[in-house]
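Spelled out from the first residue to the last, the chains are:
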Amino acid sequence: MDIHDRVISQKKLKEDEERLNIVIKASDLGTWELNLITDEFHYSERFLEIFGMEQGKDLMHNELLTYFLAEDLPIRKKAFKDAYETGVLYYISRIMWQDKSIHWIENKGKVFYTDHNQPQKLIGTTRDITAEKHYQQKLEEREQKFRLLADSMPQLVWTGDADGNLNFFSQAVYVYSGLSKEEIEKEGWLQIVHPDDREENIKAWEYAITTGTDFIFEHRFKRYDGVYRWQLSRAIPQKDEAGKIQMWVGTSTDIQEMKEQDQQKDFFISMASHELKTPITSIKGYVQILQSTYQKSEDGFLKNSLRIIDKQILTLTNLIADLLDLSKIKSGSLVLNKEDFEINELIQEVVYEITHINPGYHIDFSGLNLVKVYADKGRIGQVLINFLTNAVKYSPESKKIIVESFIRENEVIVSVEDSGIGISKPDQQKIFERFYRVEGKNEKTFPGFGIGLFIASEIIKRHHGQIWVTSEPEKGSTFFFSIPLKNK
Ligand code: ADP
């Protein structure tokens, strides 16, 4: 008899079985087969292992059921019921080993039916997922911890996805706004932002998201009682190893009181500087009368005293003028009186004036070209005076200052370069802020209030120009401003 084909197909069957066994072993799956009519139960060695039973054990299906936690038995029961209808078994449950330890298992199976469509047997696999479950539990615990941390903070804490959609708010957000989770989800968080702050808010948020830079913004949030309070919001992007943004974590801090104190301070500055103006003007007038009266006097002490008083009055008047400007900027009433003028001529005048007051310094300027601008001459002169007095003040050793003006595209750039104490990189970004002065052993010796550059930058901003600095500590600084040329 030719049995070649039979031998070949048997050999192939055996090979297939071996291959299947290797796969099952490698996947760490326990396999089993349950006869649904006779309750006969077959299983692999790995299956016993998953249940913590010794190898070769003779296990009845009934006994197996005693391993399941009582509260998980309904889960199993329901899964079987569903399986008879759908043909597919799936459930996750806990089992208890003989040593009382708890383990998690995942079960999958397929139902086979008789010719009369009766469920006949179930063949399936069981996987030990205890380690995965523990890991998942740990993650959940960690998330719980962070939620608790966020909820216990008085600040409003929130997170957003990489596209900037906010997806978590701490309890404080709901308490502050009086809105429910559903209400914020439905209408969006922007509903609590003051209508006047919304447009800017969206712009700043979009900018942060597209550039991946920190978000810092001041806006008003509506409280549960309808009152708006100022908040300072900050958000930082959390990036993965490749630098891709994963999420945003943000906080909003109530700065209402700070804002109110700021307003009081501004009000005080404005009032005090106005009140000081009149007596100072009167003192100045009298000193000038005294100076001219005693011009020819022999009394050196008197003459010297009058000169010192006059100089100090100048310092005071400048300070008061700065404080008045500050108030004007704050209240939005700093108006520009624009006119056509020659910027190099103005620079020449200011350079002359500053050289006259500081005879020890050499200020180099050779702007000969005619450069016409349409700007507020007095205010641009004020910016120049600020640059030059700073250049003098912060260069006690080196007495040379270089002033330049040049045209780039449709604007004129003016620079003032000194070889003084210089400014560190982090400070360079801040010196244009109000009341910012560089802290350090050197700077204490230089008098000032840190408002000159703030006013200068506001003046330039109102001219649609730019102001900036390049500097190296110990080497010197160059301050620049640019303003548009006069339209032809
Ligand atoms: P003030 O000079 O009255 O303090 P400013 O607003 O004019 O105020 O300047 C702010 C700060 O910038 C100064 O306190 C100083 O630390 C720094 N600064 C300004 N100009 C220079 C300069 N030319 N060289 C070094 N530091 C400077």
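These numbers come from a predicted model, not from an experiment.

Quick notes on the rules
- Residues numbered from 1 in each chain as written.
- Predicted model: local features only at pLDDT ≥ 70, side-chain atom pairs only at ≥ 80, totals over all residues.
- Heavy atoms only, no water.
- Pairing = 2+ DSSP bridges.
- Helix = DSSP H or I, 4+ residues; strand = E, 2+ residues; numbered from the N terminus.
- Axes fitted to C-alpha atoms, helices over the stretch in contact; angles between N-to-C directions.
- Contact = heavy atoms within 4.5 Å.
- Parallel < 35°, antiparallel > 145°, perpendicular 65-115°, else oblique.
- Left-handed = near helix turned anticlockwise from the far one by under 90°.
- Nonpolar A, V, L, I, M, F, W, Y, C, P; charged D, E, K, R; others polar.
- Buried < 20%, exposed > 50% of the residue type's maximum accessible area, 1.4 Å probe, protein only.
- Core = buried A, V, L, I, M, F, W, Y, C linked by side-chain atoms within 4.5 Å.
- Domains from an automatic or database assignment.
- Polar contact = N/O pair within 3.5 Å; in protein donor to acceptor, adjacent residues only side chain to side chain.
- Salt bridge = Lys/Arg side-chain N within 4 Å of Asp/Glu carboxyl O.

## Looking at the sheet that holds strand β9 (residues 228–239)
At step 1: One open sheet accounts for five strands, arranged β7-β6-β10-β9-β8; its pairing is antiparallel. Edge strands, defined here as strands with exactly one partner in the open sheet, are β7 (166–169) and β8 (215–222). Averaged over all adjacent pairs, the angle separating strand axes in this sheet is 25°, with direction ignored.
At step 2: The sheet contact formed by β9 and strand β10 (residues 245–254) spans nine bridges and is antiparallel. Across the sheet, arginine 234 pairs through a bridge with threonine 251, a residue of β10.
At step 3: Sitting on the sheet, helix α9 (residues 256–293) is in contact with β8, β9 and β10, with an inclination near 120° to β9.

## Here's the deal with unusual backbone geometry
At step 1: Although it is not a glycine, histidine 464 adopts a positive phi angle of roughly 60°.
At step 2: Tracing the backbone shows histidine 464 in the loop between α14 (452–462) and β16 (466–472).
At step 3: At glutamate 474, a residue that is not glycine, the phi angle is positive and equals roughly 75°.
At step 4: Along the chain, glutamate 474 falls in the loop between β16 and β17 (476–484).

## A look at the packing of α9 against helix α10 (residues 300–331)
At step 1: Interaxial distance between α9 and α10 falls to 9 Å at its minimum, and their mutual angle equals 150°. One finds that α9 runs roughly antiparallel with respect to α10. The crossing of α9 and α10 is left-handed.
At step 2: Taken together, the residues that form the contact of α9 with α10 break down as 14 nonpolar, six polar and six charged.

## A look at the environment of threonine 114
At step 1: Mapping threonine 114 onto the fold places it in the loop between β4 (102–113) and β5 (119–128).
At step 2: What makes threonine 114 partly exposed here is its relative accessible area of 22%.
At step 3: Distance in space between the C-alpha atoms of threonine 114 and glutamine 428 is 85 Å, their sequence separation being 314 residues.
At step 4: Discounting chain neighbours no more than four positions away, the residues touching threonine 114 are Ile37 and Gln120.

## Observations regarding the nonpolar core
At step 1: By size, the foremost hydrophobic cluster in this structure holds 46 residues, and its most contacted members are Ile343, Ile380, Leu388, Ile401, Val403, Phe481 and Ile483.
At step 2: Sorting elements by how many residues they give to this core places helix α12 (residues 377–393) first, with seven residues.
At step 3: Residue contributions to this core reach at least three from each of two domains, namely domain 3 (260–331) and domain 4 (338–484).
At step 4: Sequence-distant contacts of isoleucine 380, that is, excluding residues within four places in its chain, are made with Phe341, Ile343, Leu346, Ala375, Ile460, His463, Phe481 and Ile483.

## Remarks on the environment of asparagine 201
At step 1: Among the secondary structure elements, asparagine 201 is positioned in helix α8 (residues 195–211).
At step 2: Discounting chain neighbours no more than four positions away, the residues touching asparagine 201 are Trp189, Leu190, Val193, Phe215, Phe217 and His219.

## Side note on the domain arrangement of the chain
At step 1: The domain architecture assigned to the chain consists of domain 1 (18–128), domain 2 (134–254), domain 3 (260–331) and domain 4 (338–484).
At step 2: One C-alpha centre belongs to domain 1, the other to domain 2, and the line joining them spans 47 Å.

## Comments concerning the side chain of aspartate 197
At step 1: Along the chain, aspartate 197 turns up in helix α8.
At step 2: In terms of polar contacts, aspartate 197 uses its side chain to reach the side chain of arginine 220, at 2.8 Å.
At step 3: Leave out the neighbours within four places in its chain, and aspartate 197 touches Phe217, His219, Arg220 and Trp230.

## Considering the pattern of salt bridges
At step 1: Throughout the structure, instances matching the rule amount to 27 salt bridges.
At step 2: The partner of arginine 127 in a salt bridge is glutamate 106, with the nearest N and O atoms 3.1 Å apart. Of this pair, arginine 127 sits in strand β5 while glutamate 106 sits in strand β4; the two residues are 21 residues apart in sequence, bridging distant segments of the chain.
At step 3: The closest approach of N and O atoms between glutamate 411 and arginine 408, which form a salt bridge, is 3.4 Å.
At step 4: Since its relative accessible area comes to 19%, glutamate 411 is described here as buried.
At step 5: A network of salt bridges, in which partner residues are shared, links Asp262, Lys265, Asp266 and Arg434.

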